[in-house]
Amino acid sequence: MAIQLSHRAKAIKPSPTLSFSALAQNMINEGIDVINFSVGEPDFCTPKYIKKAGIEAIKNNFTRYTKSSGIIELREAISAKLKRDNNLDCSPEDILVSPGAKASIINILFTVCDPRDEVIIPSPYWVSYTSQVELVDAHPVFIKTNTSNNFKLNAKQLEEKIETLSNPKVLILNSPNNPTGIVYRRKSLEKIAEVCLRHNILIISDEIYEKLIYDREEHVSIASLSPEIRDNTVLVNGVSKAYAMTGWRLGYAAGPSDIIKRASRIQSHTTSCVNSMTQRAVLTALTEDDGSLEKMRCQFEKRRTYLVKELNSIEHVTCNLPKGAFYALPNISYYLHNNNNKSITNSAELCEYLLLEHKIAIIPGSAFGTNQHVRFSYATSMENIKEGIKRFKYGLQCLTK
Ligand SMILES: Cc1ncc(COP(=O)(O)O)c(C=O)c1O
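Rules used throughout
- Residues numbered from 1 in each chain as written.
- Predicted model: local features only at pLDDT ≥ 70, side-chain atom pairs only at ≥ 80, totals over all residues.
- Heavy atoms only, no water.
- Pairing = 2+ DSSP bridges.
- Helix = DSSP H or I, 4+ residues; strand = E, 2+ residues; numbered from the N terminus.
- Phe/Tyr/Trp six-rings, centres within 6.5 Å; stacked < 30°, edge-to-face > 60°.
- Buried < 20%, exposed > 50% of the residue type's maximum accessible area, 1.4 Å probe, protein only.
- Lys NZ or Arg CZ within 6 Å of the ring centre and 35° of its normal.

Draft legend 1. Examining the sheet that holds strand β9 (residues 327-328) more closely. Pairing is antiparallel in the open sheet, where three strands are placed in the order β9-β12-β11. Edge positions in the open sheet fall to β9 and β11 (363-364), since each of these has one partner strand only. Alignment of β11 against strand β12 (residues 374-377), held across two bridges, turns out to be antiparallel. Its bridge partner lying in β12, Ile363 is registered against Arg375.

Draft legend 2. Local environment of the packing of aromatic side chains. Enumeration according to the criterion identifies 10 aromatic pairs in this entry. Residues Tyr125 and Phe142 carry aromatic rings whose centres are separated by 4.8 Å and whose planes lie at 20° to one another, so their mutual orientation is stacked. Pair noted here: Tyr125 is in the loop between β3 (118-123) and α6 (127-135) and Phe142 is in strand β4 (residues 139-144), with a separation of 17 residues, a long-range link. Residue class for Phe142 comes out partly exposed when judged on its relative accessible area of 30%. Ring geometry for Phe376 versus Phe392: centroids 4.9 Å apart, planes at 85°, classification edge-to-face. Note that Phe376 is positioned in strand β12 and Phe392 in helix α15 (residues 382-400), a separation of 16 residues in sequence. Each member of the pair, Phe376 together with Phe392, is buried. A connected cluster of aromatic rings, assembled from ring pairs, spans Phe44, Tyr209, Phe300, Phe326 and Tyr327. Above the ring of Phe62, the side-chain terminus of Arg280 is found at 3.7 Å from the ring centroid. Sitting above the plane of the Tyr306 ring, Lys386 keeps its charged end 5.6 Å from the centroid.

Next comes the structure, spelled out in structure tokens:
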């Protein structure tokens, strides 16, 4: 007799971004020349000085369990980083190191959400937020943003939505944003913070793309705006994106003592701790600098500028200029209504057509809650971007011929 699966296992959907990347990767493995814009990780290698620290840790037998919340030297380094970069006072005791920012977010959701609590997510959104909220039996509630407001949530929209809800508990804010590339400015954050404080809504501020920011835009952590808002926010960050360390698995949460203490307890029963050598490597990443980060950031900025200019030169395609992260989200809705005999009606069908017929992998906007767009990741070489954009342009042109 087959074992009945839990309601969680039955409800959980596969990550649409990972499924699409896997399909593209299968084609690449079969020797098909696919230009892959689907990947959400830097195409650079982890900087040498960081790798060296990881290797040293293994050589020195730093290979055992550590304290569940992370080694104290690392939490001290994170605390110093928060002060230096974000002007945020946060004691090492109020920091929890986890296997990736993804793990940090679900730990916090487990800590603060009861069944039926509502978690507000501005849309378009990063795919995992929805699934994580559902995994803890809470309800995701979306607030649509669009190109006209530059994909930014505003305080008025937030307030109006909160007034319609029965158990609003958390707002997940992500700046710089995946998939839109927007960066929230101080003024908007102040207004959003004020609404959250008034309604006692905890903010989970996902700042994983903090260091990938362009046009001299300033990254402002909402937690840093006032002592009151700091006590109402859990800041989440990590090393995956800025340090090209996706496979090392380390993220962290910094926030109110009682939340972090309970979240650490949850982690102690689930993953125990982040692997010890990664912790040592990240300690080095946060306390030394060989210039690699800035070099990678500059490459991303060049690629972004080129890609977005090319996208906007395509007939009936428009794309906002992203100010951070490494994604562009062009509007392709014209082609959902104008595609002679191809019966393409949504962004997923468009991406499937582009992958199968034009060998270019991009992610349908529907994965992020918008059917009008597709997401390009420019974490790929300039050469690939040049060839890929040609294919994209030609693929769309073919639809209207
Ligand atoms: C917005 C956002 N938050 C968090 C993560 C997860 O990062 P980590 O590798 O640290 O788990 C990602 C990864 O794609 C992301 O895009």
